[in-house]
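# Working through the structure, step by step
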Amino acid sequence: MEIAGVLERVGRIGAVRADRAAGRCDREAALVEVRRVRAWLDASEAELVRALAAEVSFPEQTIAVSSKGSVGQASAVIERASTLESIPAIAAALDAGAVTAGHVDAVTRVGKSLEPAQREALLDRVDALVAVAEHASEAEFARRVRDEARRLQAADGMDQLERQRRATSLRSWVDVEGMWNIRGRFDPLTAVRLDARLAETVEALFTTATPDTCPSEPVAKQDHLRALALADLVLCGGGRSKPGRPEFVAVIDADAPMAAGPAVAFSIPIEVPWQVLAALAGDADVHTVVVRNGVVLHAPGNLNLGRTTRLANRAQRRALRGWYATCAIPGCAVHYDRCVVHHVIWWRNDGCTDLDNLLPVCTRHHHMIHDAGWEVTLGPNRELTIRFPDGTVQATGPPTIRAA
């Protein structure tokens, strides 16, 4: 879309907004213009991001700062730009306002589930489906892309059950209501066994007594009982053992003003309200870590293993979890429990498995450190310095106490 065309569309949008007598048809037409202008902006953003990614070593942070967004959002834009670069026809359609960023993102999502050769074949097929995208909603086009992916997988000769086993996954997150959510995808064989085990546990636990928390609506009731049964299976082995004890790391900041007393934060894998913390604390293993200006003054266990082992022990992981709620790379929101423990001086370069040489980083940034030339150093108070291949340097101060 030419700049003049964009300006014309913006002018028509503005005219409808200003016209109080505008009718339904006028407003619907203006909304179409909004969609087209937004698509052009998304195409422009992708082009700018693609050029920027070739010039800087940490484009996600640069993009996040420029857009006032997050590193995760910036990563999604970079992925979109990569998809557009691979599919010229759909890139042109986005620039013309004929498709939306949602159409492009549907291709990106499906492509992630495929092997590299299959992904390339999918991109070739999508390039021929631009006319379909132009006339289909985002959801309709996503279904078409998934159908194409399934055809490619069916033609690769791999047994369907084996493919389903490889696609088995489980993820968790905390929603805006503070509820912990899980979502899993399982191959049919595992699913049948899980479903049977859940049904057995529901029957064993709730045949004679229904919990007070149970909803009265039949479907909601079954969902509730299955959730309780799953929790019982994980925590108690289906009623055959005691539940596992939660573990808290109580971090005490020795730099807090004396009058106010030391600041204390509980570091645990799931964010919970303070009243829940209070209820759990009596039945939990609480480990105290005392820090001052990024230095651990006290923590239980052996924190310096030298060259005896490459893997960090539980004591070291507790201390790190007290410092870091997420990946240590600034702006990265990947939770600590999904990070790997990185040797700042690499193990293969005679680095030691000592606390002052360990840093939690997500798998993506671990790859950037080992394979993309990022140089990471830690100061005496855990000041983090990152030197990128393009010559830029990013430095941060000591980590701060993170509350649960």
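Residues numbered from 1 in each chain as written. Predicted model: local features only at pLDDT ≥ 70, side-chain atom pairs only at ≥ 80, totals over all residues. Heavy atoms only, no water.

## A short note on the nonpolar core
Counted only if it meets this: The nonpolar core is taken to be a set of buried Ala, Val, Leu, Ile, Met, Phe, Trp, Tyr and Cys residues, with the residues joined through side-chain atoms within 4.5 Å. Between buried and exposed lies partly exposed: a residue is buried under 20% and exposed over 50% of the maximum accessible area for its type, with that area taken using a 1.4 Å probe on protein chains only. Numbering goes from the N terminus for both helices and strands, where a helix is a DSSP run of H or I of at least four residues and a strand is a run of E of at least two. When checking whether two residues touch, look at their non-hydrogen atoms; a contact exists if any pair is within 4.5 Å.
In terms of nonpolar packing, the biggest core is built from 36 residues, with Val296, Leu320, Ile329, Leu359 and Trp374 touching the most fellow members. For this core, the elements supplying multiple residues, two or more each, are β3 (247-253), β5 (285-292), α14 (314-323), β8 (358-361), α15 (363-371), β9 (375-378) and β10 (384-387). It is α14 that provides the largest number of residues to this core, a total of four residues. Sequence-distant contacts of Ile329, that is, excluding residues within four places in its chain, are made with Phe58, Val361, His365, Trp374 and Ile386. In terms of nonpolar packing, the next biggest core, distinct from the first, is built from 32 residues, Ala43, Ile90, Ala93 and Leu152 among them.

## Some points on the packing of helix α11 (residues 188-206) against helix α12 (residues 218-236)
Angle between the axes and distance between the axes are the two parameters that describe a pair of packed helices. Stated formally: In this analysis, axes come from line fits to C-alpha atoms, helices being fitted only over the stretch in contact, and the angle between any two N-to-C directions falls in the range 0 to 180 degrees. An angle below 35 degrees is treated as roughly parallel, one above 145 as roughly antiparallel, one from 65 to 115 as roughly perpendicular, and anything else as oblique. Under this grouping Gly is polar, as are all residues other than the nonpolar Ala, Val, Leu, Ile, Met, Phe, Trp, Tyr, Cys and Pro and the charged Asp, Glu, Lys and Arg.
α12 packs onto α11 with a crossing angle of 100° between their chain directions and a minimal axis gap of 9 Å. With respect to α12, the element α11 is oriented roughly perpendicular. Contacts between α11 and α12 involve Asp195, Arg197, Leu198, Thr201, Val202, Leu205 and Phe206 from the former and Leu225, Arg226, Leu228, Ala229, Leu230, Asp232 and Leu233 from the latter. Split into classes, the residues belonging to the contact of α11 with α12 amount to nine nonpolar, one polar and four charged.

## Considerations on the environment of Cys332
Secondary-structure assignment places Cys332 in the loop between α14 and β7 (340-343). The sequence separation of Cys332 and Val71 amounts to 261 residues, and the corresponding C-alpha distance is 5.9 Å. Apart from the residues lying within four places of it in its own chain, the contact partners of Cys332 are Val71, Thr326, Cys327, Cys362 and His365.

## Observations regarding the pairing of β9
Put simply, the rule reads: Only when DSSP finds a minimum of two bridges between them are two strands counted as paired.
The alternating pattern of β9 places Val376 and Leu378 on a buried face and Glu375 and Thr377 on a face that is not buried. Sheet topology note: the β9/β10 ladder contains four bridges and is antiparallel. When the bridges of β10 are listed, Leu378 appears paired with Leu384. Hairpin connection from β9 to β10: five residues lie between these consecutive antiparallel strands, with Arg382 at a positive phi of about 65°.

## Observations concerning the side chain of His365
Mapping His365 onto the fold places it in helix α15. Leaving out residues up to four positions away in the same chain, His365 has contacts with Phe58, Cys327, Ile329, Cys332 and Trp374.

## Overview of helix α2 (residues 24-53)
The test is simple: Expected helix span is given by 1.5 Å per residue-to-residue step, counting one fewer step than there are residues.
Relative to the 44 Å expected for 30 residues at 1.5 Å per residue, α2 spans 43 Å between its end C-alpha atoms, a close match to the ideal helical length. For α2, the set of buried residues is Ala30, Glu33, Val37, Ala39, Trp40, Asp42, Ala43, Ser44, Ala46 and Val49. Buried residues along α2 sit against α1 (3-18), α3 (59-67), α4 (71-86), α5 (88-95) and α6 (101-112).

## Looking at the sheet that holds β10
Taking strand neighbours across the sheet as the criterion, the three strands line up as β9-β10-β11 in an open arrangement whose pairing is antiparallel. With one partner strand each, in any of the chains shown, β9 and β11 (393-396) form the two edges of the open sheet. Pairwise comparison of adjacent strand axes, ignoring direction, gives a mean angle of 15° for this sheet.

## Re α12
Keep this limit in mind: This arc is taken over the directions from the axis of the helix to the C-beta atoms.
Taking 1.5 Å of rise per residue, 19 residues should cover 27 Å, and α12 covers 26 Å from first to last C-alpha, within 8% of that figure. Buried within α12 are the following residues: Leu225, Ala229, Asp232, Leu233 and Cys236. Mapping the buried residues of α12 onto a view down its axis gives an arc of 110°, with all of them on the same face. Residues of α12 that are exposed and angled more than 90 degrees away from the buried face: Val219 and Val234. Buried residues along α12 sit in contact with α11. One or two steps after α12, the chain reaches Gly237, where phi turns positive at roughly 65°.

## Here we look at the confidence of the model for the chain
Stated formally: For every residue, the predictor reports its confidence as pLDDT, a number between 0 and 100.
Chain-level pLDDT for the chain is 85 on average; 87% of the residues reach the 70-or-more range. Within the chain, α2 carries the highest mean pLDDT (95), whereas strand β4 (residues 263-267) carries the lowest (55).

## Overview of the pattern of salt bridges
The cut-off we apply is this: Counted as salt bridges are all cases of a side-chain nitrogen of Lys or Arg within 4 Å of a carboxyl oxygen of Asp or Glu.
Tallied over the full model, the rule gives 14 salt bridges. The closest approach of N and O atoms between Arg364 and Glu60, which form a salt bridge, is 1.9 Å. Of this pair, Arg364 sits in helix α15 while Glu60 sits in helix α3, and the two are 304 residues apart along the sequence. Judged by its relative accessible area of 3%, Glu60 is buried. Two residues, Asp195 and Arg226, come together in a salt bridge whose shortest N-O distance is 3.3 Å. Of this pair, Asp195 sits in helix α11 while Arg226 is found in helix α12, placing the two residues 31 residues apart along the sequence.

## Section: unusual backbone geometry
Here the phi dihedral of Lys68 falls at roughly 55°; this positive angle occurs in a residue that is not glycine. The residue Lys68 is located in the loop between α3 and α4 in this model. Its identity is not glycine, yet Arg382 carries a phi of approximately 65°, on the positive side. Looking at the element boundaries, Arg382 is found in the loop between β9 and β10.

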